[in-house]
Amino acid sequence: MRVIIAKDYDGISRTAASIIAKEIRAKPRAVLGLATGSTPLGTYKELIRMHKEESLDFSGVRTFNLDEYFGLPPEHPQSYHTFMSENFFDYVNVKAENVSIPDGTVTDVESFCAGYEESIRKAGGIDLQLLGIGRDGHIGFNEPGSSLGSRTRLKTLAEETVRDNARFFGGEEKVPRLALTMGIGTILEARKLVMLASGAEKAGAVKNAIEGPLSSQVTASALQLHPQVAVVIDEKAARLLDRREYYLYVEKMAEQVEHDTGI
Ligand code: PGA
């Protein structure tokens, strides 16, 4: 696991965007797993800038979003469909037919979820999955207690998540209580994972995910099982890490090796 500690939010956004851009330049038909929430906003802004100024081309890119609120139609202002259009897709050249976001209005949930998994498989699997982390340690909407082998399914939001998201809905009572989300098993099948965290309020979750025991009570701890993970966090989110100095040292050594050997 690489733990990249950037100075601030802009630093994590630039780092995450450059990892994603490198993936797309190496594989123009890359399959990206995308995330919503406040944290990846800066990453999307930076990718949009790269598209406009550095001709980063998304025309062959296929995308799958992690999750969607259950019961919200795509056109709802707080749906993740709307979020992705307003913050990313409207400004880059990803083709509409190459975008998949779970549909919060389906009635046959089980067959929809099985179909979502099947589409990911048919696309060749996800090359790089972007993730945020909730204060309760969730990734996607895999709340504490989610099986570490879980697949795409309907999940009940934890109280803490409802409270955290109330700011977008103008009150807790308006926040949907259910969501469709990729499972931890689905996420772990992506070839690379990039998890972002920013701010002191995420420091506890980050500490538990990276340095705590592997546990379904902190579903982000499942990242410890994955061979290719970059955790990109700012100094505030890194505040509680015991091995913070070591992670900084490792990154310095990696830079040195890159400089000396060109790899
Ligand atoms: P945030 O959400 O980026 O809005 O903090 C992260 C998450 O809950 O996954």
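For the structure itself, look to the data block above.
An account of the accompanying structure is given in this report. (Residues numbered from 1 in each chain as written. Predicted model: local features only at pLDDT ≥ 70, side-chain atom pairs only at ≥ 80, totals over all residues. Heavy atoms only, no water.)

With that settled, the discussion passes to the overall build of the chain. In terms of helices and strands, the chain carries 8 helices and 10 strands. The C-alpha atoms of the chain give a radius of gyration of 18 Å, which matches the 18 Å a tight globule of 263 residues would have. By the burial criterion, 53% of the 263 residues in the chain qualify as buried. For the chain, restricting intrachain contacts to residue pairs at least 6 apart in sequence, the fraction spanning at least 24 positions comes to 80%. Summed over its atoms, the accessible surface of the chain is roughly 12200 Å², and 51% of this surface lies on carbon and sulfur atoms. (Helix = DSSP H or I, 4+ residues; strand = E, 2+ residues; numbered from the N terminus. Rg over C-alpha atoms; globule rule 2.2 N^0.38 Å. Buried < 20%, exposed > 50% of the residue type's maximum accessible area, 1.4 Å probe, protein only. Contact = heavy atoms within 4.5 Å. Areas by Shrake-Rupley, 256 points an atom, 1.4 Å probe, with all protein chains shown as cover.)

On to the nonpolar core, then. Counting residues in each nonpolar core, the largest one holds 41 residues, and the members touching the most others are Leu32, Tyr44, Leu47, Phe58, Met84 and Phe88. Broken down by element, the residue count for this core peaks at 6 residues, all from helix H1 (residues 9-26). Excluding anything up to four places from it in sequence, Leu47 contacts Ala17, Ile20, Ala21, Leu56, Phe58 and Phe88. In this structure, Leu131, Ile187, Met195 and Ala220 belong to the second largest nonpolar core, which totals 39 residues. (Core = buried A, V, L, I, M, F, W, Y, C linked by side-chain atoms within 4.5 Å.)

Moving on to the sheet that holds strand E2 (residues 31-34). Sheet architecture is open: 7 strands sit in the order E1-E10-E9-E6-E2-E3-E5, paired in parallel fashion. Of all the strands in the sheet, just strand E1 (2-6) and strand E5 (99-100) have a single pairing partner and so form its edges. The pairing of E2 with strand E3 (residues 62-65) spans 4 bridges and is parallel. Counterpart to Leu32 in the pairing with E3 is Thr63. (Pairing = 2+ DSSP bridges.)

In the vicinity of the ligand, the contacting residues are Gly37, Ser38, Thr39, Gly132, Ile133, Gly134, His138, Arg167 and Lys202. A distance of 2.9 Å separates an oxygen atom of the ligand from a polar atom in the backbone of Ser38. In the environment of the ligand, an oxygen atom lies 2.4 Å from a nitrogen or oxygen atom belonging to the side chain of Thr39. Protein chains bury 82% of the 280 Å² of accessible surface belonging to the ligand in isolation. Counted by class, the shell around the ligand contains 1 nonpolar, 6 polar and 2 charged residues. (Near = heavy atom within 4 Å. Polar contact = N/O pair within 3.5 Å; in protein donor to acceptor, adjacent residues only side chain to side chain. Nonpolar A, V, L, I, M, F, W, Y, C, P; charged D, E, K, R; others polar.)

Summarising burial for E1: 4 of the 5 residues are buried, a large majority. Across 5 bridges, the pairing between E1 and strand E10 (residues 229-234) is parallel. By the bridge assignment, Val3 is partnered in E10 with Val231.

Under the defined criterion, the tally for this structure stands at 11 aromatic pairs. Ring plane angle 85 degrees and centroid distance 5.8 Å describe the contact between Phe64 and Tyr116, whose orientation is recorded as edge-to-face. On the criterion of sequence distance, the pair formed by Phe64 in strand E3 and Tyr116 in helix H4 (residues 109-122) is long-range, its members being 52 residues apart. On the accessibility criterion, Phe64 (0% relative accessible area) is buried. Across from the ring centre of Tyr246, 5.2 Å away, lies the NZ or CZ of Arg243, which sits over that ring. (Phe/Tyr/Trp six-rings, centres within 6.5 Å; stacked < 30°, edge-to-face > 60°. Lys NZ or Arg CZ within 6 Å of the ring centre and 35° of its normal.)

The next subject is the environment of Asp242. Tracing the chain through its elements places Asp242 in the loop between E10 and helix H8 (244-261). Residues Asp242 and Thr43, spaced 199 residues apart in sequence, show a C-alpha to C-alpha distance of 27 Å. Excluding residues within four positions of it along the chain, Asp242 makes contact with Lys207 and Glu211. At 2.8 Å, the side chain of Asp242 forms a polar contact with the side chain of Lys207.

Our next topic: the environment of Lys192. With respect to the helices and strands, the residue Lys192 is situated in strand E9 (residues 192-197). For Lys192, a relative accessible area of 29% puts it in the partly exposed group. Taking the C-alpha atoms as reference points, Lys192 and His226, 34 residues apart in sequence, are found 8.2 Å from one another. Leave out the neighbours within four places in its chain, and Lys192 touches Glu23, Asp127, Leu128, Gln129, His226 and Gln228. Only 2.6 Å separates the side chain of Lys192 from the side chain of Glu23, close enough to count as a polar contact.

Between H1 and helix H2 (residues 41-53), the least distance of the axes is 8 Å, while the angle of their chain directions is 55 degrees. Between H1 and H2, the angle is such that the two are oblique. Crossing handedness for the pair H1 and H2: right-handed. Where H1 approaches H2, its residues Tyr9, Ser13, Arg14, Ala16, Ala17, Ser18, Ile20 and Ala21 are matched on the opposing element by Leu41, Gly42, Thr43, Glu46, Leu47 and Met50. Looking at the contact of H1 with H2, its residues break down into 8 nonpolar, 4 polar and 2 charged. (Axes fitted to C-alpha atoms, helices over the stretch in contact; angles between N-to-C directions. Parallel < 35°, antiparallel > 145°, perpendicular 65-115°, else oblique. Left-handed = near helix turned anticlockwise from the far one by under 90°.)

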